[in-house]
Amino acid sequence: MITTIVMMMIGLAGLWITSDYLVAYTRSLAQLLHISTLFAGFVMVSLITGLPELAIAIQAIIEQVPSLSTGDLIGSNLVNISLVIGIPLLFYGPVTIEKRMLKTKIALLIGITILMTIIFLKNTITPSFALLLIITYPIALTALWFMSRNKHISDYNDFSYVHESASIILIKLLLITV
């Protein structure tokens with residue numbers, strides 16, 4: 001029990017340290033590639049942080065415990081919407097979101113929520129639903145790409161220079177997730 005708690009604390013400390021690098025390198029890469037930080041977060045950060053959940057989902061299905069995967073999906077979304085947004089805002093104050101960006105974000109969120117509601121009401125996820133879910137990501141990615149192309153340099157926040165190439169930054173991003 002004590003070993004588990006110590007290991008968890010070490011893991012949380014490592015997570016805190018690597019998250020700092022992930023944010024810094026993603027911001028640098030966004031500036032280097034002239035894309036918005038929203039798009040960089042949607043593509044790189046969400047994909048990188050979602051990989052452990054994908055591994056859990058695959059392992060749960062292999063071990064024939066699909067309810068574990070469903071619980072992880074619902075629980076992680078609840079944590080992301082409530083705690084991941086709520087705690088930083090509680091300590092660091094309000095964040096302004098452009099109305100143009102907000103409409104697309106809300107549309108994407110409502111769309112995926114409706115899709116997941118339909119799937120959960122069916123009580124069985126078929127390969128055709130799985131394909132529909134997989135197709136949803138590139139559609140959302142494309143919508144955000146077109147939005148990010150029209151962003152001004154001010155969206156790249158306070159990074160006025162980048163010292164590393166995109167390939168070095170991508171390698172570092174992958175290494176900190178291992």
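Notes on the structure follow. (Residues numbered from 1 in each chain as written. Predicted model: local features only at pLDDT ≥ 70, side-chain atom pairs only at ≥ 80, totals over all residues. Heavy atoms only, no water.)

1. With respect to the overall build of the protein
Each helix and strand counted, the protein has 6 helices and 0 strands in total. Moving toward the C terminus, one meets the helices and strands of the protein in the order α-α-α-α-α-α. When the 178 residues of the protein are sorted by exposure, 18% land in the buried category. The contacts of the protein with a sequence gap of at least 6 include a subset with a gap of at least 24, amounting to 72%. Accessible surface, the protein as shown: approximately 12900 Å² in total, 74% of it carbon and sulfur. (Helix = DSSP H or I, 4+ residues; strand = E, 2+ residues; numbered from the N terminus. Buried < 20%, exposed > 50% of the residue type's maximum accessible area, 1.4 Å probe, protein only. Contact = heavy atoms within 4.5 Å. Areas by Shrake-Rupley, 256 points an atom, 1.4 Å probe, with all protein chains shown as cover.)

2. Quick notes on the packing of aromatic side chains
Taken as a whole and assessed by the stated rule, the structure comprises 1 aromatic pair. Aromatic pair Tyr-21 and Tyr-25: ring centres 6.0 Å apart, planes at 15 degrees, arrangement stacked. Within this pair, Tyr-21 and its partner Tyr-25 are both found in helix α1 (residues 2-33), separated by 4 residues, close to a single helical turn. On the basis of relative accessibility, which here comes to 41%, the residue Tyr-21 falls in the partly exposed class. (Phe/Tyr/Trp six-rings, centres within 6.5 Å; stacked < 30°, edge-to-face > 60°.)

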